[in-house]
Amino acid sequence: MAAHSDLDQAVADWLKWDKNPKTSDLIKQLVADGKNKELQACFGSRMEFGTAGLRAAMGPGISQMNDLTIIQTTQGFCRYLEKNICDLKERGVVIGYDARAHPASGGSSKRFARLAATTFVSQGIPVYLFSNITPTPFVPYTVIHLNLCAGIMVTASHNPKQDNGYKVYWENGAQIISPHDKGIAEAIEENLEPWAKAWDDKLIDNSDLLHDPYKSINKDYFTDIKKHCFHRDINKESKVKFVHTSVHGVGHEFVQSAFQAFGFSAPLAVPEQKDPDPEFPTVKYPNPEEGKGVLKLSFSLADKEGARIILANDPDADRLAVAEKQESGEWKVFSGNELGALLGWWIFTCWKEQNQKPEAVKNVYMLASTVSSKILRAIAVKEGFHFEETLTGFKWMGNRAKLLIDQGKTVLFAFEEAIGYMCCPFVLDKDGVSAAAIAAEMASYLATKNTTLTKQLNSIFNTYGYHISKNSYFICYDQNTIRDLFENLRNYNGEKTYPKLCGKFEVSGVRDLTTGYDSNQPDNKAILPTSKSSQMITFTFSNGGVATLRTSGTEPKIKYYAELCAAPGNSDFDQLKKELEDLADAIEEHFFQPEKNKLQRKSE
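Anyway, here's the lowdown on the structure attached to this text. (Residues numbered from 1 in each chain as written. Predicted model: local features only at pLDDT ≥ 70, side-chain atom pairs only at ≥ 80, totals over all residues. Heavy atoms only, no water.)

### Section: the sheet that holds strand β12 (residues 320-325)
So, step 1. Overall, mixed pairing links the five strands, which are arranged β10-β9-β11-β12-β13 in an open sheet. For this open sheet the edge positions go to β10 (268-269) and β13 (331-333), each flanked by a neighbour on one side alone.
So, step 2. Pairing of strand β11 (residues 309-313) with β12, which is carried by five bridges, proceeds in the antiparallel orientation. Across the sheet, the residue bridging to L311 is V322, located in β12.
So, step 3. Running over the sheet, helix α11 (residues 252-261) touches β9 (242-245), β10 and β11 and is turned about 150° from β9. (Pairing = 2+ DSSP bridges. Helix = DSSP H or I, 4+ residues; strand = E, 2+ residues; numbered from the N terminus. Contact = heavy atoms within 4.5 Å. Axes fitted to C-alpha atoms, helices over the stretch in contact; angles between N-to-C directions.)

Below, the structure is given as structure tokens:
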């Protein structure tokens, strides 16, 4: 926390530098009212620039997203790029934004994007600034497609309405990973005072350095998507009706275009959620991963129109949720792991149809994050392609995919259980637009075989082994409570001892990616990269179960992921399900104690 004199200095600097009257007046008012506690919250610590860039509430001060912190962040990023990429002034950067806005502080994604563009243009660096809202995947696509040096997407994805974010891509088209995050953070601290033209965003409007890639990228992206469409004839004749919701975000027109590229008629749009609205008025959280609550309006439209499949994007359209109507009339919302199994099976099936040479499979790769289902590993073992797991987050999968592609490998698919899917290698990040069209084609193809997504999922499990998972989270704002919980697990029965039992379940292995310990390795050293700044422990159980506890990088959550795997043909699904429920209950009862009473349970 800033000491009193430091706080006074931080406030003085702010009032000297901030030219947004709304945020400036908010701070002046706090000073006039002697609201030191509120000032400390605004200025106690700067937003941390991490591998996901920035994400925080919009409002005044260095702890929040606002015009001045965007200028400071971009100045640091600009200097870091100048130092590391010699032809920055020839190639330039791309900037996109979603539809978020915060009237109280005068902040909006579009305003932040324009200020970021102004920073680069003022230094003679070309900027490809989208003239309208776009899905997040358009930014990494543009970095690779136009061979640019970096990309910035201003979005808070599925976070609550008061939040915004600043997501950064490197010249390889993937999200930044270390050491870039640390280097950028240091450069931000060295460039806090706004440069001469930092606030003059009108200078970009007449600049030769400003380009609008909106039309060309809209055309080229959907041309590239067509290469991943394998059953156009079926799509044209498809009798499957689809409902799509963009949950008040950017996705509507882009998913319509993706359907058109695949030869489908347009999906039915949920009218109340079709247009961007930063207030997200119809949902508690704008996150389709939350399940049925977010999809209520989709269910009622689908029931009314006789549609069997629902496709839902989050507000920046990089994630996809899918629901299917069952014969009972109920709706099944597929988990991220279940949809990952279906899309992985489908994409590999389509690839196999196109590639008749058996040896080609040795060059094929699929990726998943370490907390996601191991179903792709089971498919890979049987089919002969390679499966790799990475640390959590598409920053790791995107960077790994790029390395493999550069080695001449074919990366068909990558996914994470948080409904993120990379179905096309021209976007090295999760992409809910291409995933929506590919999921629709899969459902239409299955319909011609008189089967459904649900039945196909069971068929995958019967062929490759049942993989059932249960994921949940607790909300916790107190860092000390979080630290204590994980330290309890590291010193469970005395110093440096992990649990050997979780209720009736025997622990057969422990991997701790915070400390680098892995009991399954000969030298007890973990193979995957470790990070002391985030908490993550994975337990393997002798019954074939795996459970990971970790902290979220972007939200105040402690998440846990439990999965049980069974051999192909083991069809006692109810017994497996019960055992998984028992395991999840045991994890909550034993591993979350004694901190559980300080945690807030996930709201359904």
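From this point on, the discussion continues.
### A word on helix α9 (residues 214-226)
So, step 1. Between its terminal C-alpha atoms α9 stretches 19 Å, which fits the 18 Å expected from 13 residues at 1.5 Å a residue.
So, step 2. Turning to α9, the residues buried within the fold contact α7 (138-145), α11 and α16 (432-448). (Expected span 1.5 Å × (residues − 1).)

### Observations concerning the environment of F259
So, step 1. Here F259 shows up in helix α11.
So, step 2. Exposure remark for F259: the relative accessible area of 0% places this residue in the buried category.
So, step 3. Separated by 70 residues in sequence, F259 and E189 have C-alpha atoms that sit 45 Å apart.
So, step 4. Non-local contacts of F259, meaning those with residues more than four positions away in its chain, are made with F242, F264, S265, P267, L311, A436, A437 and A440. (Buried < 20%, exposed > 50% of the residue type's maximum accessible area, 1.4 Å probe, protein only.)

### Side note on the nonpolar core
So, step 1. Judged by nonpolar contacts, the single largest core of 177 residues is most densely connected at F43, F77, F120, L311, F413 and Y421.
So, step 2. Looking at this core element by element, the count peaks at 11 residues for α16.
So, step 3. Not counting chain neighbours up to four residues away, the residues in contact with F120 comprise T74, F77, C78, L81, V93, I95, I125, V127 and I152.
So, step 4. Counting residues in hydrophobic clusters, the runner-up holds 10 residues, among them Y365, L367, L404 and L428. (Core = buried A, V, L, I, M, F, W, Y, C linked by side-chain atoms within 4.5 Å.)

### Brief notes about the sheet that holds strand β16 (residues 410-416)
So, step 1. An order of β15-β14-β16-β17 is seen for the four strands of this open sheet, with the pairing classed as mixed. Two strands in the sheet have a free side with no partner beyond their single neighbour: β15 (386-390) and β17 (420-422). Sheet twist, expressed as the average angle between the axes of neighbouring strands with direction ignored, equals 15°.
So, step 2. In terms of strand pairing, strand β14 (residues 364-369) meets β15 through five bridges, oriented parallel.

### What about the pattern of salt bridges?
So, step 1. The final tally for this structure, using the stated rule, is 34 salt bridges.
So, step 2. The salt bridge partner of K455 is E327, with a shortest N-O separation of 3.2 Å. With K455 in helix α17 (residues 453-464) and E327 in the loop between β12 and β13, this pair connects stretches of sequence that are 128 residues apart.
So, step 3. A residue is classified by how much of its surface remains accessible, and E327, at 76% relative accessible area, is exposed. (Salt bridge = Lys/Arg side-chain N within 4 Å of Asp/Glu carboxyl O.)

### A few points about the environment of P271
So, step 1. Inspection of the secondary structure puts P271 in the loop between β10 and α12 (296-305).
So, step 2. Among the residues examined, P271 registers a relative accessible area of 52% and is labelled exposed.
So, step 3. Sequence separation between P271 and I438 is 167 residues, and the spatial gap between their C-alpha atoms is 23 Å.

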